[in-house]
Amino acid sequence: MRLRVLPKERVPDLVRALMADYRVWGPKAKGPQFAFEPLYDPAEMRLDYNISILSPKVALQPPQERVAVFHLDGGFTVEPVIEAEPTVIFGMHTCDLHALALLDKAFSADFPDAHYLERRKKTLIVSMECLQPCDEHSFCKSMGTWTADSGYDLHLIDLGDAYGVYVGTEAGEALLAKYAQARPATDADVRRLNEVMSTKWPRFPHRLNFDAAELPSLLATAYDHPIWAELGDRCLSCGSCTNVCPTCYCFNVIDSPDLSLKEAVRMRRWDSCQLDEFARVASGENFREARAARQRHRMFRKGKWLYERFGEMGCVGCGRCIRACLTHINIVDTFNAIHASQHRR
Amino acid sequence: MSKSPVAKPKVAFFDFASCEGCQLTVVDSLQTHLDLLDAVEIVNFREAATLDGWDFDIAFVEGSITRPKDEERLRRIREQAKVLVALGACADTGCVNALKNLQPPEEVRRYVYGEHADWYETYAARPLSAVVKVDAVVPGCPIDPDEFVEVVKALLVGKKPPIPDYPVCVECKLKGNVCIFHVGGICMGPVTRAGCGAICPTYGDGCEGCRGIIPHPNENAMEEVLDEAGLTLDDIMHYFTMFNAYREVGTGKWE
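Residues numbered from 1 in each chain as written. Chains lettered and ligands numbered in written order. Predicted model: local features only at pLDDT ≥ 70, side-chain atom pairs only at ≥ 80, totals over all residues.

Draft legend 1. Structural view of the overall build of chain A. Of the regular secondary structure elements, chain A holds twelve helices and twelve strands. Along the longest, intermediate and shortest principal axes, the C-alpha atoms of chain A span 70 × 65 × 35 Å. Counting across all 345 residues of chain A, residues that qualify as buried make up 43%. Pairs at least 24 apart in sequence give 71% of the contacts found in chain A among residues at least 6 apart. (Helix = DSSP H or I, 4+ residues; strand = E, 2+ residues; numbered from the N terminus. Buried ≥ 20, exposed ≤ 12 C-beta atoms within 10 Å, placed from the backbone. Contact = placed C-beta atoms within 7 Å.)

Here's what the structure looks like:
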């Protein structure tokens, strides 16, 4: 892996230069929290953020987007709408980078999703190494997502007055060459990098009481576990856990005509398996009517089913669902409780 | 897409106990959707025009029913209308009008009408659906102009209007907002019907539940959330009844 060094004071110039050719998304302050949004001024970017409210997937799968336009005047024609522009996502943390690997697979499988994939093709990822956990809810170390050696075009590691920059792709190399004058790393830089990384590891706690590789088989034995009823009693079915999740990708499709009834737009909007009506089908049957069944569905998606389908774990340990839940439903505690009860038997 | 049941439907607006702010919002929606006037023919709209026709297909009715004699007029509207739409929270849920149902009738009458309390015939406030069949609703206090237009479009193509059955939290999260509870506020978003674009939390205020409570809310869990946020039982009751007293107590102390 090629390592370069970029002095920190050059980052604003880099971002400004990128903004001329790309839409640049980065972490910005939002009240006392942070959000990934398009940057209009490099000074808005807060690379010292801990975690964003929504994951940076918003740049690739917007909460709501147009997917097609219908013309109903004199016949019926459909025009797909693909809205993709050259984009750089700057400052993505590695948990979200791992989530992106899953989204890439999910949107490529079965019916490749042109809306996501076109955007993805035009998007460069500049990720960042976290040197400390976001807060007490992060469990990225348990999920193995606290660092990354691929999936990015460029990867930044804070060395104090400069960033160490790993180049992950040719596109990343080209971007660095065109927009930033990063210098090759010296032996001293590599020593500094090793110091930074070796002090990083102990700062991150393991929060799962077992190896995450056990999750799929553990859950396989827990379909009828009493914990689901407990979670169902507490769940508000507000959908916040899935809406903030970096690996959730479900959406609903909504058609809306204009008032002349000659044109219509097909929109899609994030949907959530936690909502009351998510599993209602045309016959009127709702096959996941109980909140307990919906929470179980979510936990199984995160810890088992997505892994079995795509080879990537559906949970990346970012902890967003835990922070967002007003009734303290906690995926780590849930997995640990199941593990504990299985091992008591 | 199916053909409209009526090519250019005749539309009428009526009101009962309300501030008429929802009809005002209908007028306001013409600022961005002037084409509404091409899509329908308005035959009765006291708030906005000197029209008083009684030959209509769709009736938009604002306001709660608060007097026995309101029922007679509402039934006449119902008989005439192919589609009756409850316009706004007063018509949909009873809204703040139903707060009086929590208090003794004599006290309320005297407080409002003073020494002439006997002159006025009034009974417990109720939504339209307590009296007649309602085909569709436009929730909210006031209604959201864009949602009103979506309801009109759905009626034009003969579809069920797309009123969300999920809570405000969904729209709030999709907007990437900071959760009101995370900054020390109180919010009814987790149990309140979405469709407003989470407008209050987006501007920093907690949701007060004006669009009504979602179907199948987890009320116990919501009460625990409010309790944890520091509310007393009385406060919690106030949050659940400010806009949704009829849902909580029906006609309450009045019958």
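Draft legend 2. Representation of the overall build of chain B in the model. Of the regular secondary structure elements, chain B holds eleven helices and five strands. Relative to the 2.2 N^0.38 estimate, which gives 18 Å for 255 residues, the radius of gyration of chain B is 19 Å and therefore close to what a compact globule would have. Seen through its principal axes, chain B has C-alpha atoms that stretch 55 × 50 × 30 Å. Looking at chain B as a whole, 44% of its 255 residues are labelled buried. (Rg over C-alpha atoms; globule rule 2.2 N^0.38 Å.)

Draft legend 3. Representation of the domain arrangement of chain B. Residues and elements named next belong to chain B. Domain annotation for chain B reports domain 1 (10-156) and domain 2 (168-249). Just the C-alpha atoms count here: the centres of domain 1 and domain 2 sit 25 Å apart. Tallying contributions element by element places helix 4 (residues 89-93) first for the side of domain 1 that touches domain 2, with three residues. (Domains from an automatic or database assignment.)

Draft legend 4. Focus on the sheet that holds strand 1 (residues 10-15) of chain B. Residue and element names in this part refer to chain B. One open sheet holds the five strands; their spatial order is 2-1-3-4-5, and the pairing between them is parallel. Two strands in the sheet have a free side with no partner beyond their single neighbour: strand 2 (41-45) and strand 5 (136-138). Strand-to-strand twist of the sheet, defined as the mean angle between neighbouring strand axes without regard to direction, takes the value 20°. Both strand 1 and strand 2 contribute to a ladder of four bridges, which runs parallel. What sits directly across from Lys 10, in strand 2, is Glu 41. Across the sheet, helix 1 (residues 21-29) lies against strand 1, strand 3 (58-62) and strand 4 (83-87), angled at about 145° from strand 1, the strand it touches most. (Pairing = 2+ DSSP bridges. Axes fitted to C-alpha atoms, helices over the stretch in contact; angles between N-to-C directions.)

Draft legend 5. Just the interface of chain A and chain B, in detail. On the side of chain B, 31 residues touch chain A, which itself brings 34 residues to the contact. Top element by residues in the side of chain A that touches chain B is strand 11 (residues 251-257) of chain A. It accounts for three residues. Each residue belonging to the side of chain A that touches chain B can be placed in one class, and the counts come to 18 nonpolar, eleven polar and five charged. (Nonpolar A, V, L, I, M, F, W, Y, C, P; charged D, E, K, R; others polar.)

Draft legend 6. Region of the structure containing the pairing of strand 2 (residues 23-30) of chain A. Residue and element names in this part refer to chain A. Where strand 2 lies against strand 6 (residues 87-93), three bridges are found, and the strand directions are parallel. Of the residues in strand 6, the one forming a bridge with Val 24 is Val 88. Sheet topology note: the strand 2/strand 3 (residues 33-38) ladder contains six bridges and is antiparallel. For Trp 25, the partnering residue across the bridge sits in strand 3 and is Pro 38.

Draft legend 7. Up close: the packing of helix 8 (residues 227-234) of chain A against helix 10 (residues 291-310) of chain A. Residue and element names in this part refer to chain A. Where helix 8 meets helix 10, the axes come as close as 7 Å, and the angle between the chain directions of the two elements is 110°. Classified by the interaxial angle, the pair formed by helix 8 and helix 10 is roughly perpendicular. The handedness of the crossing between helix 8 and helix 10 comes out as right-handed. Counted together, Trp 228, Ala 229, Leu 231 and Gly 232 of helix 8 and Arg 291, Ala 292, Gln 295 and Arg 296 of helix 10 form the full contact between these two elements. Split by residue class, the contact of helix 8 with helix 10 holds four nonpolar, two polar and two charged. (Parallel < 35°, antiparallel > 145°, perpendicular 65-115°, else oblique. Left-handed = near helix turned anticlockwise from the far one by under 90°.)

Draft legend 8. Broad picture of the confidence of the model for chain B. Residues and elements named next belong to chain B. Summary statistics for chain B give a mean pLDDT of 95 and a share of 97% for residues scoring 70 or more. Residue range residues 1-6 is modelled with pLDDT below 50. Its contacts to residues more than four positions away, or to other chains, number ten contacts. ipTM for the predicted complex: 0.96, alongside a pTM of 0.95. (pLDDT = per-residue confidence, 0-100.)

Draft legend 9. Region of interest: the nonpolar core. Ranked by internal contacts, the top residues of the largest apolar core, which has 115 residues, are Val 126, Leu 154 and Val 165 of chain A. At eight residues, helix 2 (residues 94-108) of chain A tops the list of elements feeding residues into this core. Core analysis: the second largest hydrophobic core is formed by 46 residues, Val 61, Leu 74, Ile 77 and Ala 89 of chain B among them. (Core = buried A, V, L, I, M, F, W, Y, C linked by C-beta atoms within 7 Å.)

Draft legend 10. Region of the structure containing helix 5 (residues 170-179) of chain A. Residues and elements named next belong to chain A. Gly 172, Leu 175 and Leu 176 are the residues of helix 5 that are buried. Take helix 5 and look down its axis: the buried residues cluster within an arc of 95°, on one side only. Summarising the geometry of helix 5, the exposed residues directed more than 90 degrees from the buried face are Glu 170, Ala 177 and Lys 178. (Arc of directions from axis to C-beta.)

Draft legend 11. Representation of the domain arrangement of chain A within the structure. Residues and elements named next belong to chain A. What the domain assignment reports for chain A is domain 1 (2-203) and domain 2 (212-251 + 273-344). Relative to domain 2, the C-alpha centre of domain 1 lies at a distance of 27 Å. Opposite the 25 residues of domain 1 that make contact, domain 2 presents 19 residues. Counting residues per element, the side of domain 1 that touches domain 2 draws most heavily on helix 2, at ten residues.

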